[in-house]
Amino acid sequence: MRIAAISDIHSNHSALEAAADELNKYKPDLVAFLGDYVSDCPYPQKTLKLLREITDFYPSKVIIGNREQYFIDYRKSPNGWKFGTRSGSLLYTYENLTDEDIDYFASLPFSTDIDSEYGKIILCHGSPDDCRLVIKPESEELDRTMKNADCKMILCGHSHTSFVDERYGKIMVNSGSMGVPVSTTETEFAIIDIEKQSAKAEIVRVPYNVKEIISEFVPSGLFDKAATWGKTIMANIITGDKYNQRCVHRVIQLANERKSYFDDEKLWEQAAQELGIDYIIREALAHV
Ligand SMILES: [Fe+2]
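Conventions and cut-offs
In this convention, every chain numbers its residues from 1, walking through the sequence in written order. Whole-chain, interface and lining totals are the exception, using all residues; otherwise, since this is a predicted model, local features are given only for residues with pLDDT of at least 70 and side-chain atom pairs are given and counted only at 80 or more. Only heavy atoms go into the side-chain values, all of them from the structure, while hydrogens and water stay out. Runs of E in the DSSP output that reach at least two residues are strands. Runs of H or I that reach at least four are helices, and both are numbered from the N terminus. Here the radius of gyration uses the C-alpha set of atoms, whereas the globule reference equals 2.2 Å times the residue count to the power 0.38. Relative accessibility under 20% of the residue-type maximum defines a buried residue, over 50% an exposed one, and the middle range a partly exposed one, all with a 1.4 Å probe and only protein chains included. We call two residues in contact when some of their heavy atoms are within 4.5 Å. At least two bridges found by DSSP between two strands are what make those strands a pair. Here, axes are lines fitted to C-alpha atoms. For helices the fit covers the stretch in contact, and angles between N-to-C directions go from 0 to 180 degrees. Stacked, tilted and edge-to-face are the three classes assigned to paired rings of Phe, Tyr and Trp, where Trp is represented by its six-membered ring and a pair needs centres within 6.5 Å; plane angles under 30 degrees give stacked, over 60 edge-to-face, the rest tilted. Salt bridges are identified by distance alone: a Lys or Arg side-chain nitrogen within 4 Å of an Asp or Glu carboxyl oxygen.

Visitor: Mind laying out the overall build of the protein chain, listing which residues take part and the relevant values?
Guide: In terms of helices and strands, the protein chain carries 13 helices and 10 strands. Expected size for 288 residues packed as a compact globule is a radius of gyration near 19 Å; at 19 Å, the protein chain falls within 12% of this value. Considering only C-alpha atoms, the protein chain reaches an extent of 55 × 40 × 40 Å along its principal axes. Burial analysis of the protein chain (288 residues in total) assigns 56% to the buried set. For the protein chain, long-range pairs separated by at least 24 residues make up 68% of all intrachain contacts whose partners lie at least 6 apart in sequence.

As structure tokens, this is what we get:
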């Protein structure tokens, strides 16, 4: 049995398209979609269309990510998001979703499992108990989750950091992020091969059309609506480096120093300036 695990597409339809082509070579028996399909990149409908095509073609399991949960919650209580701030990115995506899309998100399970010859495989976004738990390699969260897991394998995402770990007689595969990876300009997903009682997992990386997705930020309106947050996502995609995380850390520092608040856009602008994000974007947009 061959499983492809895909997580954290974040509306990067250019990456998903390249990955879909690559899936044709791997011919998986099952595709596990691990959440965070939309938000952060332009035109979420393009991603949802591709997602529907892939799930129509391959046997698939689809679970919810924290981003989908945000949109379900916002429909119930639509307040607090504003264009020109960090939340403007979410509002842009929300306004480009239909009621049917959000009904679909609401129908998705928090986690699910597969009975394989190797044993039980749990599919989750963060961890089997917590959709928003960030699990990084060699972390305390990883050890605790693996120790407590009632299965032979966990497939997860959310941290955008891909890895394969084995301990306590179990395997964890974090398939990283298809759309906004943090250590590569390629797109990434995981392939798991199960044969009788043995399992083998690898992270696959594939080049994709970065220029295409970057070129859509301005005409889609997302560039202005998502303000600095959107720029950090672009810088991440362009460089394959952790500009989004770095900016978040710097904003937290600045907010503490100035007794301000995390969503103060001025702090985001300063952090982005210190990190040279405007220059990275200007250079990239000049070549698309
Ligand atoms: Fe997530």
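Visitor: Now, about the sheet that holds strand β6 (residues 153–156): what can you tell me, with residues and values included?
Guide: Strand order in the open sheet made by the five strands is β4-β5-β6-β8-β7, with mixed pairing throughout. Of all strands in the sheet, those bounded by a partner on one side alone are β4 (112–115) and β7 (163–167). Each neighbouring strand pair of the sheet contributes to a mean axis angle of 15°, computed without reference to strand direction. Alignment of β6 against strand β8 (residues 170–174), held across four bridges, turns out to be parallel. Each bridged residue has a counterpart across the sheet, and for leucine 155 the counterpart in β8 is valine 173.

Visitor: Residue-level account of the pairing of β4, with values.
Guide: Here β4 pairs with strand β5 (residues 120–123) via four bridges, running antiparallel. Bridged to aspartate 115 within β5 is lysine 120.

Visitor: Explain the packing of aromatic side chains to me, and be specific about the residues and the numbers.
Guide: Inspection of every chain in the model, using the stated rule, returns 10 aromatic pairs. Relative to tryptophan 81, the ring of tyrosine 74 lies with its centre 3.9 Å away and its plane at 5°, an arrangement referred to as stacked. Across the pair, exposure class does not vary: tyrosine 74 and tryptophan 81 are buried alike. Ring geometry for tyrosine 104 versus phenylalanine 105: centroids 6.3 Å apart, planes at 50°, classification tilted.

Visitor: So what's going on with the pattern of salt bridges? Residues and values would help.
Guide: One pass over the structure, following the stated rule, counts 19 salt bridges. Residue aspartate 193 pairs with arginine 2 through a salt bridge whose shortest N-O separation is 2.7 Å. Of the two residues, aspartate 193 sits in strand β9 (residues 187–195) while arginine 2 sits in strand β1 (residues 2–6), which places them 191 residues apart along the sequence. Overall, the relative accessible area of 24% leaves arginine 2 in the partly exposed class. The partner of glutamate 138 in a salt bridge is arginine 167, and the shortest N-O contact between them spans 3.5 Å. With glutamate 138 in the loop between β5 and α6 (140–148) and arginine 167 in strand β7, the pair connects residues that are 29 residues apart, well separated along the chain. For glutamate 138, a relative accessible area of 63% translates into the label exposed. A single salt-bridge network, built from bridges that share partners, covers Glu138, Asp143, Asp165 and Arg167.

Visitor: Outline the environment of glutamine 45, supporting the account with residue identities and numerical values.
Guide: Position of glutamine 45 relative to the elements: it lies in helix α2 (residues 44–57). Of the residues examined, glutamine 45 reaches a relative accessible area of 28% and is grouped as partly exposed. When the C-alpha positions of glutamine 45 and threonine 93 are compared, they lie 9.1 Å apart, and in sequence the two are 48 residues distant. Once residues within four sequence positions are removed from consideration, glutamine 45 is found in contact with Arg52, Asn96, Leu97, Thr98 and Asp101.

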